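Here is what each chain is made of, one letter per residue.
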Amino acid sequence: MTPRSALLKVIILGDSGVGKTSLMNQYVNKRFSTQYKATIGADFLTKEVETEERPVTMQLWDTAGQERFQSLGVAFYRGADCCVLVFDVNSSKSFQALESWRDEFLIQSSPHEPEEFPFVVLGNKVDVDESKRQVTQKRALAWCQAKGNLPYFETSAKEAINVEQAFQTVAIKALQQESEEQLFSDYPDSFPLDPHETQSSGCSC
Amino acid sequence: MQDEQRRKLRSTPPPPSLPTPPVNFSPALKSHPSNVSLNPSLVPSLVPSFGEEFDAFHVRNTYAQLEVFGVKGDGYEDGVERTRAARTRLPSSIANSPNTSTNGTGDGSPKKRELHPKEIQILSSVDRYGFFTIPSHDRLILMPSQPMLKPLSTGSGADAPVAGELKSPRSLPRVPPPLPHPKEAERISKWNRMLVPNVRDEGGNVQAWRVRPSKTAKVRRRVYKGVPDRWRAAVWEVLMCAYAERLSRDYREAIEKPSTYDVQIDLDVPRTISGHIMFRTRYGAGQRSLFHVLHAFSLLCDACGYVQGMGPIAATLLSYLPPSLAYTSLVRLHTAYDMHTIFSPGFPGLLEAIYVQEQITKRCMPNVYESFKKHMVSTTAYATKWYITLFSNTVPFQTQLRLWDVFWLEGLDVFVAVAVAVLWVYKDQITSPHANFETILSLLSSFFVPEDEDVFLNWIEKMLGDRKLRASIRTWRLEWRQLVQSGQDATALL
């Protein structure tokens, strides 16, 4: 087994064109481009993050928004530590789709405690003119509340608004999830034999 | 887009000063039979079809209207978004809007105006394929020729892990500008002698070509050597005709019908092929053709509909062929070249190609195979976009064209060979003791710039020329289908 110590796996989901690739690139590479193409299959980037607890490596998986690509998703949903749900505040439809993205993710990834699994919700493209906005902050917050008080951020990948803050929260949530999942996997047959593993989780007892 | 314009883009970069009018950026409707040439008096407003969603109708209607009025600054301006985000209703007549073209589109009369200075500047900066900027890519790396000096073979131990420190693949700051092959002129005349006119129109212009019978044996080698760009449109047509019986579909009829995929297609059209002058302007002639071709194609097969990935394929075809022919080519790709299996739900053809790729890897690069297994790198994680877009946006456009030259000749096996070539080139990095999930996946998700395209194509030619291997590939394809039928496919892939 690969050492899971400080590696956090994060999956980014949401409708086509809401800005998943742009958010990921803004966060990791600090840039925005209008040249991003539709993501085919999946792509990933990694980012080193400092949290209060310890430094972690976030492995961010950017996915295709078109539903058909879901059938290929199964393989990398497994073992995810956090899932980022993205919608476009100027598209009501993309907001309504969050429900099914969440359900689908839980079915495919089958976490130990589906109710407790950390999701972070991002309402993207807040830079667009207010008159075009279709999903109010209130409506988005109400949904997040109903789904177990999910953290919600209004972001703009283009203007780099709230992106850093949002992913910092993702890192923290993922880290919590990772330690909880560890409890489930630390049953007798899987003692961590990897030296890195022992080092980084050394003081927990 | 005009044939005239397409031809110009294809041959040489335009000279700095252009005769007037050199390129007509507005669709001259009456002279282009393959455009959706709708008579203006008939068009502005289509009627929503029964059950068609407003958003979808809005998209279809916008394209139809702009087909008539054109778009201002087509080819040198970015254009204005009309169908995305908040889908505000159009003004009752789009013609009154300041962003539609006002010069000489509807009446078919030639434009009299001078070229806009920005138009001249853009035109003089396009490369030989039509790109005014070469799109940037993350993780740009040099794909060295050295490993490809040795052909693929079984049990040669070629992929044994290399001890010691390994140089990481050389990254490049940018994609080098495309250059004509040094032998281009010589090859143009060779193809001149090899192809003879097959069909001429009333005015004596050649409409289709065929291979001179005495030269048929030379076709394969010459396709691998690279089709001279000036011959490419004719040659693609010739090769496809040879591969599949020519299909005739009524492209125009399909454009008139609604498609449930219109909103998705519209979302993807402007972000399909960045940097290419034909597709730059929002709703410009190029983007409209792309929309119409994808729209028509989405109606062809209920199972396939539209999938992201068709876009880059259609855009590549459109940079050589007029819309109706680009559509016909997609139909052939779908049916004769088996792309149906690649596009349909569950992507059965993709998984089959991946299975074949893995079987070849297992036999010819067992250490590479083991490394994938050890680090749990599944092939779908990096190869999905290779097969679904036929290596668009993964290698430079020029290289992609070379691969497609060969694709028309050989079929989908080519892309398996390309995938295997990539693994072959980077076998040392993949089997390195320092390799891990991330280094491998990051490497294989790169944009590959071949050090020498000829070496690259040569290697693929050798691999696909191996009859035993080709026979095995056929067997593995059948084997995969049996695994699927017996429900054992889930565990058969890495």
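Residues numbered from 1 in each chain as written. Chains lettered and ligands numbered in written order. Predicted model: local features only at pLDDT ≥ 70, side-chain atom pairs only at ≥ 80, totals over all residues. Heavy atoms only, no water.

### A word on the overall build of chain B
A count of helical and extended segments in chain B gives 21 helices and four strands. Looking at the 494 residues of chain B, the share that counts as buried comes to 56%. When contacts within chain B are restricted to residue pairs at least 6 apart in sequence, those whose partners lie at least 24 apart make up 80%. In the structure as shown, chain B presents an accessible area of about 21000 Å², 53% of it carried by carbon and sulfur atoms. (Helix = DSSP H or I, 4+ residues; strand = E, 2+ residues; numbered from the N terminus. Buried < 20%, exposed > 50% of the residue type's maximum accessible area, 1.4 Å probe, protein only. Contact = heavy atoms within 4.5 Å. Areas by Shrake-Rupley, 256 points an atom, 1.4 Å probe, with all protein chains shown as cover.)

### Some words on the domain arrangement of chain B
Residue and element names in this part refer to chain B. If you check the domain split of chain B, you get domain 1 (2–104), domain 2 (184–331) and domain 3 (343–491). Summed over both partners, the interface of domain 1 with domain 2 buries about 3100 Å², with 55% contributed by carbon and sulfur atoms. Across the contact surface, domain 1 and domain 2 share three salt bridges. Residue glutamate 81 pairs with arginine 282 through a salt bridge whose shortest N-O separation is 2.6 Å. Run the count over domain 1 and domain 2 and you get 16 residue pairs in polar contact (both at pLDDT 80 or more). Elements supplying a minimum of two residues to the side of domain 1 that touches domain 2: α1 (3–11) and α2 (54–69). Element by element, the count of residues in the side of domain 1 that touches domain 2 is highest for α2, at eight residues. (Domains from an automatic or database assignment. Buried area = accessible area lost by both parts, 1.4 Å probe. Salt bridge = Lys/Arg side-chain N within 4 Å of Asp/Glu carboxyl O. Polar contact = N/O pair within 3.5 Å; in protein donor to acceptor, adjacent residues only side chain to side chain.)

### Points about the sheet that holds strand β2 (residues 42–50) of chain A
Residues and elements named next belong to chain A. Spatially, β2-β3-β1-β4-β5-β6 is the arrangement adopted by the six strands of the open sheet, whose pairing is mixed. Since the sheet does not close on itself, it has two edges, and those belong to β2 and β6 (152–154), each with one partner. Strand-to-strand twist of the sheet, defined as the mean angle between neighbouring strand axes without regard to direction, takes the value 25 degrees. (Pairing = 2+ DSSP bridges. Axes fitted to C-alpha atoms, helices over the stretch in contact; angles between N-to-C directions.)

### Looking at the packing of helix α17 (residues 413–425) of chain B against helix α20 (residues 453–465) of chain B
All names here are of chain B. The contact between α17 and α20 brings their axes to 10 Å, and the two run at 120 degrees. Classified by the angle their axes make, α17 and α20 are oblique. Handedness of the crossing formed by α17 with α20: right-handed. Residue-level inspection shows Asp413, Val414, Ala417, Val418, Val420, Ala421 and Trp424 of α17 in contact with α20, the latter providing Phe456, Trp459, Ile460, Met463 and Leu464. Across the contact of α17 with α20, the residue classes tally to 11 nonpolar, no polar and one charged. (Parallel < 35°, antiparallel > 145°, perpendicular 65-115°, else oblique. Left-handed = near helix turned anticlockwise from the far one by under 90°. Nonpolar A, V, L, I, M, F, W, Y, C, P; charged D, E, K, R; others polar.)

### Topic: helix α10 (residues 310–318) of chain B
Along α10(B), nine of the nine residues are buried, which leaves the element largely enclosed by surrounding structure. Every buried residue belonging to α10(B) is among Met310(B), Gly311(B), Pro312(B), Ile313(B), Ala314(B), Ala315(B), Thr316(B), Leu317(B) and Leu318(B), and all of these are buried.

### Structural notes on the packing of aromatic side chains
For the structure on display, the rule yields 34 aromatic pairs over all chains. Seen in terms of ring centroids, Tyr63(B) and Tyr283(B) are 5.5 Å apart; in terms of plane orientation they differ by 70 degrees. Their pairing is edge-to-face. With Tyr63(B) in helix α2 and Tyr283(B) in the loop between α8 (262–268) and α9 (285–298), the pair connects residues that are 220 residues apart, well separated along the chain. With respect to burial, Tyr63(B) and Tyr283(B) carry one shared label: buried. Relative to Phe448(B), the ring of Tyr426(B) has its centre 5.7 Å away and its plane inclined at 35 degrees; by these criteria the two rings are tilted. In this pair, Tyr426(B) is assigned in the loop between α17 and α18 (427–431) and Phe448(B) in strand β4 (residues 447–450), connecting sequence segments 22 residues apart. Assessed through its relative accessible area of 1%, Tyr426(B) is described here as buried. One cation-aromatic arrangement involves Lys47(A) over Tyr27(A); the distance from NZ or CZ to the ring centre is 4.7 Å. (Phe/Tyr/Trp six-rings, centres within 6.5 Å; stacked < 30°, edge-to-face > 60°. Lys NZ or Arg CZ within 6 Å of the ring centre and 35° of its normal.)

### Things to note about the pairing of β4(B)
Residue and element names in this part refer to chain B. Taking every second residue as pointing to the same face, both faces of β4 are buried, with Phe447 and Val449 on one and Phe448 and Pro450 on the other. Sheet topology places strand β1 (residues 140–143) next to β4; four bridges connect them, and they run parallel. The partner of leucine 140 across the bridge, within β4, is phenylalanine 447.

### Some details on helix α13 (residues 348–364) of chain B
In a regular helix each residue adds 1.5 Å, so 17 residues correspond to 24 Å; α13(B) covers 24 Å between its end C-alpha atoms and thus fits that length. Buried residues dominate α13(B), accounting for 14 of its 17 residues. (Expected span 1.5 Å × (residues − 1).)

### Here's the deal with unusual backbone geometry
Residues and elements named next belong to chain B. One non-glycine residue, phenylalanine 347, lies in positive phi territory at about 50 degrees. Judged by relative accessible area, which is 0%, phenylalanine 347 ranks as buried. For asparagine 393, which is not glycine, the phi dihedral falls at a positive 60 degrees.

### Some words on the side chain of Lys47(A)
Residues and elements named next belong to chain A. Mapped onto the secondary structure, lysine 47 falls in strand β2. Although lysine 47 lies buried, it forms no salt bridge, and the closest oppositely charged side chain, glutamate 164, sits 4.8 Å away as judged by the N-O distance. A distance of 3.3 Å separates the side chain of lysine 47 from the backbone oxygen of tyrosine 27, its partner in a polar contact. Apart from the residues within four sequence positions on either side, lysine 47 is in contact with Tyr27, Val28, Lys30, Val56, Thr57 and Met58. (Lys, Arg positive; Asp, Glu negative; His and termini not counted.)

### Some details on the interface of chain B and chain A
Taken together, the contacts link 42 residues of chain B with 33 residues of chain A. Carbon and sulfur atoms make up 54% of the surface buried where chain B meets chain A, a total of about 2900 Å² over both sides. The largest per-residue losses of area from chain B upon contact with chain A belong to Arg271(B), Gln308(B) and Glu438(B), which jointly make up 21% of the total buried on that side. For the pair chain B and chain A, the number of links is two salt bridges. Taken together, the links from chain B to chain A amount to nine residue pairs in polar contact (both at pLDDT 80 or more). Where the side of chain B that touches chain A is concerned, the elements lending two or more residues are α8, α13, α15 (379–388) and α19 (437–444) of chain B. For the side of chain B that touches chain A, the class distribution of residues is 19 nonpolar, 15 polar and eight charged.

### Here's the deal with the environment of Val238(B)
The topology assignment puts Val238(B) in helix α6 (residues 232–243). Along the primary structure Val238(B) and Val211(B) are separated by 27 residues, whereas in three dimensions their C-alpha atoms are 7.8 Å apart.

### Quick notes on a negative patch on the surface
All names here are of chain A. Together, Glu113, Glu115, Glu116 and Glu180 line one region of the surface with negative charge. When you line up the elements, glutamate 180 lands in helix α6 (residues 163–185). Overall, the relative accessible area of 39% leaves glutamate 180 in the partly exposed class. (Patch = residues over 30% accessible without salt bridge, like charges linked within 9 Å, V, L, I, M, F, W, Y side chains within 5 Å. Charge placed at Lys NZ, Arg CZ, Asp CG, Glu CD.)

### As for the side chain of Thr62(B)
By secondary structure assignment, the location of Thr62(B) is in helix α2. A distance of 2.6 Å separates the side chain of Thr62(B) from the backbone oxygen of His58(B), its partner in a polar contact.

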